[in-house]
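# Analysis of the macromolecular model
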Amino acid sequence: MRVNFGLNGAPVTVDAEPYTSLVDMLRDELDAKSVKKGCEQGECGACTVLLDGSPVASCLVLAPQVEGRYVTTLEGLEKNSLMIDLREAFMENGAVQCGFCTPGMLISAYALLRDNPHPTEREVKRGIEGNICRCTGFTKILEAILDAAERIAPE
Amino acid sequence: MKPLPKFKYHAPSTVEEALYLLATLDEAEPVAGGTDLVPLMRDAACSPSNLVDLNNVAELNYVREDSGYICIGATATHAQVASSPIAAKAPALVDAVSGIGSPQVRNRATIAGNLCNASPAADSAPPLLVHEAEVAIRSLKGTRIIPLEELFAGPKLNTLEPDELVTEVRLPAPPEGAGSSFKRIGRRKAFTLSVVSAAAYVELSGGEITEARLAFGSVAETPIRTRAVEELLRGKALTGGLLDKAAESVKAEVSPITDVRGTAEYRRDMCGVLLRRALAEAAERAR
């Protein structure tokens, strides 16, 4: 079936079976390789994307469910100033080791700081509770997100 | 790589259309967030021939107050309820749904889905039980409204007929002097199933408990009310002695099992602990 939706600001049309998950459609049909496929159970957060602006596990979303909606992946936030701050903070704080969780982690962190630019440590932990990192032990990721929050210019 | 089994996909835009599809299609399952159903389908534990997606049924997406009830539409997500000023009148519910799953799950998963899934560990159930929630169930034959307790038939079993759809969960808006609380114990703090969960609802008048309701998750075949302990509390002042007695009595009213998350003995003991915590917070909020 044909699925029409907005991906990273541009309209796209994909011919996909209904039993295709959003993560597969994004990676295989639309070359959005930042979206990682981990557990396929909605547990690990590696496949996190924004659906109409909210973080969701794209392994649990069926392709036809995004008809008429907006999907944002890391590719679409390349030039976004908040994402640039986050990316730099991740690199400078050593928050990236193997890197597999990083795109999902950045999407969750982005949604958190977009809605709450100056979160407490607890709020950051809550914001990334759906993203598992098996390398860093989370501390450096936590520090990186708090560091990125400090880089956001006060309004 | 776990491919999903094949199915036909339907996206009705009205409740009538959804009910018609459920009544006429073979092996049809309704889906909203898919956070329970999609993993089950990947594990081949569930392979419906037809999926009826409720996300385009606009009339099912709401949290509103109507005729003294807080009404939650079938596709209202945990995130929607967690941030709703109307749902805030039932703090036990807000606390529970704010901690279910992860942000990614809460943005998709629905309260109605959590209940229909009928897990004994469903965190939305104990708060809704103490708030005396009802469930509106529709089919082409009509509408029936049942107490939430009657939706649960056993572990992962609900009492719905194949052509029926839960369209709304509603709870009476609590009066002045009421307070509720939800407490849980998990294997870790975030994104985990409850080993034991508890909700308390109290109405206080001049230091006396005029109404008390308690419910527990993961300690019986379904989420349960503990009515003997509730009776023990009614009409009394909330003293340390009464709490001790209630925390002891509750252990006789639950029937937990030992599984990967915890032992029966531990769960039984924790019912007493969570009862104290939940009752104390509910009373605090009632004052």
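What you see is a predicted model; the values in this text were computed from it and never measured.

The next thing to look at is the overall build of chain B. The helix and strand inventory of chain B stands at 10 helices and 14 strands. Compactness check: chain B gives a C-alpha radius of gyration of 19 Å against a globular reference of 19 Å for 287 residues, within 12% of the reference. Taking the principal axes of the C-alpha coordinates as reference, chain B spans close to 60 × 45 × 30 Å. By residue count, 56% of the 287 residues in chain B fall in the buried class. Looking at chain B as shown, the accessible area adds up to about 11,800 Å², and 51% of this sits on carbon and sulfur atoms. Chain B carries 32 positive and 36 negative side-chain charges, and their two centres are separated by 6 Å.

Residue and element names in this part refer to chain B. Along its sequence, chain B is carved into domain 1 (60-172) and domain 2 (178-286). On a C-alpha basis, the centroid separation for the pair domain 1 and domain 2 is 20 Å. Of the roughly 2,000 Å² buried between domain 1 and domain 2 on both sides combined, carbon and sulfur atoms contribute 60%. The largest share of the area that domain 1 buries against domain 2 comes from Pro 120, Pro 126 and Val 130, three residues that together contribute 26% of it.

Once that is clear, we can look at the sheet that holds strand S1 (residues 2-7) of chain A. All names here are of chain A. Taken together, the five strands give an open sheet; going across it, the order is S2-S1-S5-S3-S4, and neighbouring strands pair in mixed fashion. Both edges of this open sheet fall to strand S2 (10-15) and strand S4 (54-57), since each of them pairs with a single strand only. Between one strand axis and the next, the sheet turns through 40 degrees on average, direction left out of account. Pairing analysis gives six bridges linking S1 to S2, with the strands arranged antiparallel. Considered in S2, the bridge of Gly 6 is made with Pro 11. Lying over the sheet, helix H1 (residues 22-29) contacts S1, S2, strand S3 (48-51) and strand S5 (70-72), oriented at roughly 80 degrees with respect to S1. Sitting on the sheet, helix H3 (residues 102-115) is in contact with S3, S4 and S5, with an inclination near 40 degrees to S3.

End to end, helix H10 (residues 264-286) of chain B covers 32 Å across 23 residues, agreeing with the expected 33 Å (1.5 Å per residue, within 8%). Among all positions of H10 of chain B, only Ala 264, Arg 267, Met 270, Cys 271, Gly 272, Leu 274, Leu 275, Ala 278, Leu 279, Ala 282, Ala 283 and Ala 286 of chain B are buried.

Remark on secondary structure: sheet strands pair via backbone hydrogen bonds, oriented parallel or antiparallel. All names here are of chain B. Within the open sheet, the three strands sit side by side as S1-S3-S2. Their pairing is parallel. This sheet does not close on itself; its edge strands, each paired only once, are strand S1 (8-10) and strand S2 (28-31). Across the sheet, the mean angle separating the axes of adjacent strands is 25 degrees when strand polarity is ignored. Sheet analysis places S2 next to strand S3 (residues 50-53), joined by four bridges and oriented parallel. In the strand pairing of S3, Pro 30 is matched with Val 52. The strands touched by helix H1 (residues 15-24) within the sheet are S1, S2 and S3, with S2 carrying the most contacts at an inclination of about 150 degrees.

This part takes up the domain arrangement of chain A. Many structure descriptions define interface size as the accessible area lost when the parts assemble. All names here are of chain A. Partitioning chain A into structural domains gives domain 1 (2-76) and domain 2 (79-152). For domain 1 and domain 2, the distance between their C-alpha centroids amounts to 21 Å. Across the contact, 16 residues belong to domain 1 and 13 residues belong to domain 2. The junction of domain 1 with domain 2 conceals about 1,100 Å² of combined surface from both sides, 68% of it contributed by carbon and sulfur atoms.

Conventions and cut-offs
- Residues numbered from 1 in each chain as written.
- Chains lettered and ligands numbered in written order.
- Predicted model: local features only at pLDDT ≥ 70, side-chain atom pairs only at ≥ 80, totals over all residues.
- Heavy atoms only, no water.
- Helix = DSSP H or I, 4+ residues; strand = E, 2+ residues; numbered from the N terminus.
- Rg over C-alpha atoms; globule rule 2.2 N^0.38 Å.
- Buried < 20%, exposed > 50% of the residue type's maximum accessible area, 1.4 Å probe, protein only.
- Areas by Shrake-Rupley, 256 points an atom, 1.4 Å probe, with all protein chains shown as cover.
- Lys, Arg positive; Asp, Glu negative; His and termini not counted.
- Charge placed at Lys NZ, Arg CZ, Asp CG, Glu CD.
- Domains from an automatic or database assignment.
- Buried area = accessible area lost by both parts, 1.4 Å probe.
- Pairing = 2+ DSSP bridges.
- Axes fitted to C-alpha atoms, helices over the stretch in contact; angles between N-to-C directions.
- Contact = heavy atoms within 4.5 Å.
- Expected span 1.5 Å × (residues − 1).

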